[in-house]
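One letter stands for each residue in the lines below.
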Amino acid sequence: MTKRSSVRLLSFGLLLAGILIIYAITGTVQAAQYRARLESTYRQSLSALAEDLEGIETDLTKSVYANGAATLSDVSRDLSQQANQAKDSLSRLPVEQMNLAGTYKFLSQTGDYATYLSKKVYAGEVVTAKEHENLLWLLQYATKYKNSVTQMVEILQQRRPNHQARCKVCGRHPSARH
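Fair warning: this is a prediction, and the values are worked out from it, not measured in the lab.

### Considering the side chain of T110
The topology assignment puts T110 in helix α3 (residues 103-122). In this structure the side chain of T110 is engaged in a polar contact, spanning 2.8 Å, whose partner is the backbone oxygen of F106. Discounting chain neighbours no more than four positions away, the residues touching T110 are I56, L79 and L138.

Put into structure tokens, the structure is as follows:
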């Protein structure tokens, strides 16, 4: 092999290695950006879920102590809307990884029960003692889930300053556009 051929081969090899390095760096940066966006979405969804569960707990408390049919009907309607919003927030989270597997079922039952009570009261029927017990049961679970999700939000907020690290490739914050 001539000297010229070996120089060409070495040049092409270095060029190929350079291109591969650039693709590797680009992939790493894009992965970091994706990870940051995904974490941001999870944080927002978890915070929204915590707020929705707090609203559900409040509405369930109101429904337990509601005196009139109109008040109970209004609270039940709000409760059903809160449950649907919470299910939407929950759908954007990795439920199994966060130990929230029973939450969707709870939210569905709460929304359905609120709709049932609203229709019953609207039809002029009286809410029975057993139905009030069911509201208390739902309130206990709402408190349990709210406390659990609120604790997760607090943990994420405590960890947030530690995640202000810079990108290893360019030195920018991971959520910054490259």
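### Remarks on the side chain of E57
Within the fold, E57 resides in helix α1 (residues 3-65). For E57, a relative accessible area of 16% corresponds to the buried category. One polar contact links E57 to K146, side chain to side chain, over a distance of 3.0 Å. With sequence-adjacent residues up to four places away left out, E57 is seen in contact with L139, A142, T143 and K146.

### Quick look at a nonpolar patch on the surface
Where nonpolar side chains cluster on the molecular surface, the patch consists of F12, L15, I19 and Y23 and spans about 470 Å² of accessible area. With respect to the secondary-structure elements, F12 resides in helix α1.

### A closer look at the environment of L38
Note that L38 resides in helix α1. On a C-alpha basis, the gap between L38 and R92 in space is 10.0 Å, while along the polypeptide they are 54 residues apart.

### Re the pattern of salt bridges
Scanning the model with the defined rule gives five salt bridges in all. Its salt-bridge partner being R43, residue E39 comes within 2.6 Å of it at the nearest N-O pair. With a gap of four residues between them, E39 and R43 both fall in helix α1, about one helical turn apart. E57 is the partner of K146 in a salt bridge, and the nearest nitrogen-oxygen pair spans 3.0 Å. One end of the pair, K146, is in helix α4 (residues 129-159); the other, E57, is in helix α1, with 89 residues separating them in the sequence.

### Description of the nonpolar core
The nonpolar side chains of a soluble globular protein tend to be buried with one another. Membership of the largest hydrophobic core comes to 31 residues, with the highest contact counts inside it found for L49, L53, I56 and L60. Counting only elements with at least two residues in this core, the list comes to α1, α2 (69-91), α3 and α4. Ranked by the residues each element gives to this core, the list is headed by α4, at eight residues. Sequence-distant contacts of L60, that is, excluding residues within four places in its chain, are made with L79, L135, L138, L139 and A142.

### Concerning the environment of E131
With respect to the element layout, E131 can be found in helix α4. With residues near it in sequence (within four places) discarded, E131 still touches Y113, Y116, L117, K120 and V126. Here T128 takes part through its backbone nitrogen, which lies 2.8 Å from a polar atom of the side chain of E131.

### A closer look at the packing of aromatic side chains
Counted by the stated rule, this structure contains four aromatic pairs. A centroid spacing of 5.2 Å and a plane angle of 40 degrees characterise the contact between F106 and Y145, whose relative ring orientation is tilted. Here the residue F106 occupies a position in helix α3, and Y145 occupies one in helix α4, the gap between them amounting to 39 residues. Note on accessibility: F106 and Y145 belong to one class, buried. Seen from their ring centres, Y113 and Y116 are 5.7 Å apart, and the 35 degrees between their planes marks the pair as tilted. Note that Y113 and Y116 are positioned in helix α3 at a spacing of three residues, about one turn of the helix. Classification of Y113 as buried rests on a relative accessible area of 14%. Overall, the relative accessible area of 40% leaves Y116 in the partly exposed class.

Calculation criteria
- Residues numbered from 1 in each chain as written.
- Predicted model: local features only at pLDDT ≥ 70, side-chain atom pairs only at ≥ 80, totals over all residues.
- Heavy atoms only, no water.
- Helix = DSSP H or I, 4+ residues; strand = E, 2+ residues; numbered from the N terminus.
- Polar contact = N/O pair within 3.5 Å; in protein donor to acceptor, adjacent residues only side chain to side chain.
- Contact = heavy atoms within 4.5 Å.
- Buried < 20%, exposed > 50% of the residue type's maximum accessible area, 1.4 Å probe, protein only.
- Patch = residues over 30% accessible without salt bridge, like charges linked within 9 Å, V, L, I, M, F, W, Y side chains within 5 Å.
- Areas by Shrake-Rupley, 256 points an atom, 1.4 Å probe, with all protein chains shown as cover.
- Salt bridge = Lys/Arg side-chain N within 4 Å of Asp/Glu carboxyl O.
- Core = buried A, V, L, I, M, F, W, Y, C linked by side-chain atoms within 4.5 Å.
- Phe/Tyr/Trp six-rings, centres within 6.5 Å; stacked < 30°, edge-to-face > 60°.

That's the geometry; what it means functionally is another story.
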